[in-house]
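Survey of secondary and tertiary structure
If you want the building blocks of each chain, they are given just below.
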Amino acid sequence: MTESMFIPCPHCSAINRIPADRLYDHGTCGRCKKGLFDGRPIELSAANFEAHAVRGDVPLLVDFWAPWCGPCRSMAPAFSSAAAQLEPLFRLGKLNTEEEREIASRYSIRSIPTLILFHRGKELARQSGAMGSDEITRWARSHAGR
Ligand code: ZN
């Protein structure tokens, strides 16, 4: 008997239940048939935030950013490459604080970029300021213990 994990689909937000030992098998969503992990950050919004931050079994690393923020734009490639390194043990998502003000204010985002690591609805850690991809990867792993 293997443990199962709940993985929200990055495309349609359906909650997929997969055996934990199949996490690395490039599974597809039972509803929309697209890949559960594509090696890049997903776009978060009010429509899918809860699924990934609360209901998913893999920690969610969120980049709170805005289009007018220079340091956010320069960190974007580093965050994307961190996604390729951290998936599928983590889900990485970007939250545009201009468009999703309610979520940004719920987490009292005062400066951007800010990274917050969530797991099952709990905030594990947060860090403000741009980081490189190795730094992001190390930071996420150390706070999630994986
Ligand atoms: Zn899907």
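As shown above, the structure is provided for reference.
Cut-offs applied
Residues numbered from 1 in each chain as written. Predicted model: local features only at pLDDT ≥ 70, side-chain atom pairs only at ≥ 80, totals over all residues. Heavy atoms only, no water. Helix = DSSP H or I, 4+ residues; strand = E, 2+ residues; numbered from the N terminus. Expected span 1.5 Å × (residues − 1). Bend = angle between axes of the 7 residues up to and from the residue. Buried < 20%, exposed > 50% of the residue type's maximum accessible area, 1.4 Å probe, protein only. Contact = heavy atoms within 4.5 Å. Pairing = 2+ DSSP bridges. Axes fitted to C-alpha atoms, helices over the stretch in contact; angles between N-to-C directions.

Looking at helix H2 (residues 70-86)
- Helix length check: H2, at 17 residues, gives a terminal C-alpha distance of 24 Å against a target of 24 Å (1.5 Å per residue), a fit within 8%.
- For H2, the principal kink sits at Ala-76 and spans about 40 degrees; a proline, Pro-77, occurs within the next four residues.
- For H2, the full list of buried residues reads Cys-72, Met-75, Ala-78, Phe-79, Ala-82, Ala-83 and Leu-86.
- On its buried side, H2 packs onto strand S4 (60-65), strand S5 (91-96), strand S6 (114-119) and helix H4 (133-144).

Thoughts on the sheet that holds strand S7 (residues 122-128)
- Here we have five strands laid out as an open sheet, ordered S3-S5-S4-S6-S7, and mixed in their pairing. Each of the sheet's edge strands pairs with one partner strand only, and the pair in question is strand S3 (42-44) and S7. Geometrically, the sheet is characterised by an average inter-axis angle of 30 degrees between neighbouring strands, direction not taken into account.
- Two strands pair when backbone bridges link them, and S4 and S5 are joined in this way by six bridges, in the parallel orientation. Bridging from a neighbouring strand, Phe-64 pairs with Leu-95 of S5.
- The sheet strands contacting H2 are S4, S5 and S6, and the helix crosses S5 at an angle near 155 degrees.

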